[in-house]
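# Understanding the architecture of this molecule
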Amino acid sequence: MANTQELSRIASQVRRDIVRMVSAAGSGHPGGSLGITDVMTALYFNEMKHDPATWTRSAKGQDAFIISAGHLAPVYYSILARAGYFPVSELGTLRKFGTRLQGHPCITDSLPGVFQSSGSLGQGLSCAAGIALGKKLDGESERVYCLLGDGESEEGQIWEAGMWAAHHKLDNLIAFTDWNGQQIDGPVEAVGGIGDLRDKWSAFGWEVIEADGHDYDSILKAFELAHAANGKPKMILFRTEMGHGVDFMAGTHKWHGKAPSAEQCAQALAQLEETLGDY
Ligand SMILES: Cc1ncc(C[n+]2csc(CCOP(=O)(O)OP(=O)(O)O)c2C)c(N)n1
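This structure is a prediction, so every number in the text was calculated from the model and none was measured.

### Let's talk about the packing of aromatic side chains
Tallied over the full model, the rule gives 15 aromatic pairs. An aromatic cluster of at least three residues, connected via ring pairs, comprises Tyr 44, Trp 55, Phe 65, Tyr 76, Tyr 77, Tyr 85, Phe 115, Tyr 145, Phe 176, Phe 223 and Phe 238. Positioned above the aromatic ring of Tyr 279, the side-chain terminus of Arg 20 is 4.3 Å from the ring centre. Positioned over the ring face of Trp 255 is Lys 258, at 4.3 Å from the centre of the ring.

What follows is the structure in structure tokens.
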């Protein structure tokens with residue numbers, strides 16, 4: 001289990017990976033990936049019970065993770081590689097024809113660590129809830145985690161899954177939202193308007209926890225609070241900043257799905273400490 005200092009070092013390398021991967025691919029989603037990096041690092045290097053050496057999609061004794069916001073693949077791939085699911089050198093193959101690292105995660109690509117294909121927004125929570133019920137029926141005590149975007153939360157299927165999970169009292173389901181206030185075309189409230197996510201998830205019968213998605217104490221505390229077996233699924237609303245860690249990408253939707261040029265990549269890397277070695 002990594003401590004907060006180690007998490008911060010890993011996250012810096014993950015951010016470097018994201019910038020380099022998307023820049024080399026010439027397309028992809030750096031903004032949201034950089035914003036949720038601290039939470040994803042804490043999830044895989046501290047919170048989740050998982051073992052890359054014995055992982056399969058149906059392995060017993062391990063937690064499951066579904067990335068519903070599949071466009072955040074760059075951060076997901078970097079985290080999986082850095083955690084030991086596949087060689088770090090493979091990160092340089094993002095979005096190339098015939099590789100396992102397509103623009104959105106796909107189970108038919110057989111990339112170790114990937115539980116579910118995603119990219120078509122709105123579907124992941126349904127999968128996560130199904131897995132959570134399956135674990136309960138099998139008498140397993142492991143948990144299921146699911147990452148949602150706030151823009152993604154405009155999808156109706158999310159709320160159907162939310163009702164269903166509460167109905168089945170899935171307190172082994174911990175969903176979390178990348179609550180950056182931005183989506184593809186601008187601020188979430190300007191594009192679709194989801195209102196107050198705290199009130200909405202509470203009204204849907206979920207335990208709601210709010211946390212700072214760039215403060216490891218806050219992130220780890222939120223996960224700890226979510227462990228309570230109280231008959232309710234948990235929603236952690238992580239306040240994040242899109243593009244966090246790179247000054248010219250921070251706080252704007254403009255880097256939602258745009259690749260940095262070679263020059264911009266170098267500029268970004270100069271702001272991020274190399275801690276584990278580049279691929
Ligand atoms: C069903 C579906 N509709 C539209 C899209 C296109 N799309 C990709 S990401 C995105 C915005 C998602 O916003 P958010 O979840 O807030 O992610 P962020 O911008 O923070 O990365 C949209 C509309 C999609 N992938 N799937």
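There's plenty left to go through after this.
### Focus on the pattern of salt bridges
Taken as a whole and judged by the stated rule, the model has 15 salt bridges. Here Asp 278 makes a salt bridge to Arg 20, at a shortest N to O gap of 4.0 Å. In this pair, Asp 278 is assigned in the segment after α10 (262–269) and Arg 20 in helix α1 (residues 4–25), connecting sequence segments 258 residues apart. The exposure class assigned to Asp 278 is partly exposed, which follows from its relative accessible area of 26%. Residues Asp 138 and Lys 60 are paired through a salt bridge, measuring 3.2 Å at the closest nitrogen-oxygen approach. Residue Asp 138 is located in the loop between α5 (124–137) and β2 (144–149), and its partner Lys 60 is located in the loop between α3 (37–47) and β1 (64–67); the two are separated by 78 residues in the primary sequence. Note on Lys 60: relative accessible area 57%, which makes it exposed. Taken together, the shared-partner salt bridges connect Arg 16, Arg 20, Glu 274 and Asp 278 into one network.

### Looking at the state of the cysteines
Considering all chains together, one arrives at zero disulfides under this definition. We note that Cys 127 lacks a disulfide partner, and the nearest cysteine sulfur, in Cys 146, lies 8.1 Å from it. Using a relative accessible area of 23% as the deciding quantity, one classes Cys 127 as partly exposed.

### Considering the site of the ligand
Near the ligand lie 17 residues; those nearest to it are His 71, Gly 119, Gly 151, Asn 180 and His 256. Taking Asp 150, its side chain carries an N or O atom lying 2.8 Å from an oxygen atom of the ligand. Side-chain polar atom of His 256 to an oxygen atom of the ligand: 2.7 Å apart, as the coordinates give it. Protein contacts shield 77% of the accessible area of the ligand, which totals 590 Å² for the unbound molecule. Under a 2 Å grid-point criterion requiring more than half of the atoms, the pocket assigned to the ligand is the largest pocket. Residue composition of the shell around the ligand, grouped by class: four nonpolar, 10 polar and three charged.

### Structural notes on the layout of surface pockets
Considered as a void within the structure, the largest pocket measures approximately 260 Å³ in volume. Here the lining of the largest pocket is composed, by residue class, of five nonpolar, 10 polar and five charged. Forming the boundary of the second largest pocket are Arg 57, Ser 58, Ala 59, Lys 60, Ala 64, Phe 115, Ile 131, Gly 134, Lys 135, Asp 138 and Glu 140. Top contributing element to the lining of the second largest pocket by residue count: α5, with three residues. Looking at the lining of the second largest pocket residue by residue, the class counts come to four nonpolar, two polar and five charged.

### Some remarks on the sheet that holds strand β6 (residues 207–212)
Pairing is parallel across the open sheet formed by five strands, whose spatial order is β1-β2-β3-β7-β6. The open sheet has two free edges, formed respectively by β1 and β6, since each of these has just one partner strand. Taking each pair of neighbouring strands and ignoring which way they run, the sheet shows an average axis angle of 20°. Bridge analysis of β6 against strand β7 (residues 234–239) gives six bridges, and the strand direction is parallel. Each bridged residue has a counterpart across the sheet, and for Glu 207 the counterpart in β7 is Lys 234. Contacting β1, β2, β3 (173–179) and β7, α3 crosses the sheet at an angle of about 155° to β3. Packed on one face of the sheet, α5 meets β1, β2 and β3 and runs near 170° to β2.

About the thresholds
Residues numbered from 1 in each chain as written. Predicted model: local features only at pLDDT ≥ 70, side-chain atom pairs only at ≥ 80, totals over all residues. Heavy atoms only, no water. Phe/Tyr/Trp six-rings, centres within 6.5 Å; stacked < 30°, edge-to-face > 60°. Lys NZ or Arg CZ within 6 Å of the ring centre and 35° of its normal. Salt bridge = Lys/Arg side-chain N within 4 Å of Asp/Glu carboxyl O. Helix = DSSP H or I, 4+ residues; strand = E, 2+ residues; numbered from the N terminus. Buried < 20%, exposed > 50% of the residue type's maximum accessible area, 1.4 Å probe, protein only. Disulfide = S-S within 2.5 Å. Near = heavy atom within 4 Å. Polar contact = N/O pair within 3.5 Å; in protein donor to acceptor, adjacent residues only side chain to side chain. Areas by Shrake-Rupley, 256 points an atom, 1.4 Å probe, with all protein chains shown as cover. 1 Å grid on protein atoms, 1.4 Å probe; cavity = no way out; pocket = protein on both sides within 12 Å on 5 of 7 lines; lining within 4 Å. Sits in = over half its atoms within 2 Å of the grid points. Nonpolar A, V, L, I, M, F, W, Y, C, P; charged D, E, K, R; others polar. Points joined across faces, edges and corners; volume = space filled by probe spheres on them. Pairing = 2+ DSSP bridges. Axes fitted to C-alpha atoms, helices over the stretch in contact; angles between N-to-C directions. Contact = heavy atoms within 4.5 Å.

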